[in-house]
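Summary of the model geometry
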Amino acid sequence: MRVRLGRMMAAVAIVLSIASTSCTVPLPLERAGALDTLGIPDLGAARRTVMFHTGFESVGDIGSSHVTPQSETTRHGLTSEKVHTGTLAHKGWLTGVAPTVPEVDGPNHRGYPTIHLGNLGGECRDACLVELWVWIDVTLVPGQWLSVGTFTADTSNQWLPVVTVNVGSDGTLSVFHVPSHGMAEREFQTTAPFPMRRWVRVSTYIDLRPDGAIATWQDGTLTSAARIEGTTGTLQQVHFGLYAPPDLLSGVIYNDDLTIWHLDP
């Protein structure tokens, strides 16, 4: 069974599933010297407040946030095919068909709901921790990538600048657009491959204040960390799902159990 994410999103009431469940409890994250260099605190000891949680059980969870349109190349929706917990998860997939016209929100493939935090109870000020369970099956060649998460302080539909967490053609989970847009200068980067065709817990610390930082982990193991420059200090919008370059024509990604915490100062 597949439930399409469509125009009805805008008319559905906001449902924030922030009940006390196991998926809203952060699990241990590896500590490394690069995190001290970047000023990233001990996340195991940090106080946190849930800003947003969804198990992708309802199309209403994102309220009136934008949903990318379906196309002949890029599709997405809620599905029971593969779930981490609950009944449904979000699936984004490429059909294998080269588009006869450019993607509507192109040039990149986009198959996801956005999450506009300002419309869902408030932006995430200062530092935030984001955890998402991800299942990916994709083969990448040099120059290709699949984005696991995109973060911005921009409240408009321009999404500039952004910071992303990607699986690149080298197969590793990496932060990108760091410290500034279009750059990839990192304080730490693993060479361990991102596991395919199984559920992986992807955790991301992000602080968009001036001289902020980002770090990401897979199943609790640190994979990438970097400085962030030139942003406002408030995480306003995020998206996950399927985001990939136009020359990638096949691949699938499932998302489940997303939680965004504000880290209390």
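Residues numbered from 1 in each chain as written. Predicted model: local features only at pLDDT ≥ 70, side-chain atom pairs only at ≥ 80, totals over all residues. Heavy atoms only, no water.

**Some points on the side chain of N255**
Threshold: Note on conventions: DSSP H or I runs of at least 4 residues are helices, E runs of at least 2 residues are strands, and numbering of each starts at the N terminus. N or O atoms closer than or at 3.5 Å make up a polar contact, with two conditions inside protein: a donor-capable atom paired with an acceptor-capable one, and, for residues adjacent in sequence, both atoms drawn from side chains. Here a residue-residue contact requires only that any non-hydrogen atoms of the pair lie within 4.5 Å.
Tracing the sequence through the fold places N255 in strand β19 (residues 250-263). A distance of 2.7 Å separates a polar side-chain atom of N255 from the backbone nitrogen of G241. In this view, N255 contacts F56, A89, H90, L132, W133, V134, W199, F240 and G241; residues no more than four positions away in its chain are not counted.

**Concerning the sheet that holds strand β6 (residues 114-116)**
How we decide: Any two strands with at least two DSSP bridges between them are considered paired. Fitting a line to C-alpha atoms yields each axis, with helices limited to the stretch in contact; the angle taken between N-to-C directions then spans 0 to 180 degrees.
Strand order in this open sheet of five strands is β6-β17-β9-β10-β11, and the pairing throughout is antiparallel. Pairing within the sheet leaves two strands with one partner each, and these edge strands are β6 and β11 (173-176). Strand after strand, the sheet turns through a mean of 20° between neighbouring axes, direction not considered. Pairing between β6 and strand β17 (residues 237-239): three bridges, direction antiparallel. Across the sheet, the residue bridging to I115 is V238, located in β17.

**Description of the state of the cysteines**
Which entries qualify depends on this criterion: For the purposes of this analysis, a disulfide is any pair of cysteine sulfur atoms at a distance within 2.5 Å. Whether a residue is buried, partly exposed or exposed follows from its accessible area with a 1.4 Å probe, protein chains only, as a fraction of its type maximum: under 20%, in between, or over 50%, in that order.
For the structure on display, the rule yields one disulfide. Here C124 connects covalently by a disulfide to C128, the sulfurs 2.2 Å from one another. Its torsion about the S-S bond being -130°, the disulfide of C124 and C128 is classed as left-handed. With relative accessibility at 0%, the residue C128 sits in the buried group.

**Details of the pairing of strand β14 (residues 212-218)**
Successive side chains on a regular strand alternate, one facing one side of the sheet and the next facing the other. Taking burial as the measure, the seven residues of β14 include seven buried ones, the bulk of the element. Burial of β14 is two-sided: the residues G212, I214, T216 and Q218 facing one way and the residues A213, A215 and W217 facing the other way are all buried. Pairing of strand β13 (residues 199-207) with β14, which is carried by six bridges, proceeds in the antiparallel orientation. Bridged to S203 within β14 is W217. A loop of four residues connects β13 with β14, the two strands running antiparallel in sequence, and D211 in this loop sits at a positive phi of about 60°. By the bridge criterion, seven bridges tie β14 to strand β15 (residues 221-228) in an arrangement that is antiparallel. The partner of I214 across the bridge, within β15, is A226. The turn linking β14 back onto β15 is made up of two residues, and D219 within it adopts a positive phi angle of 50°.

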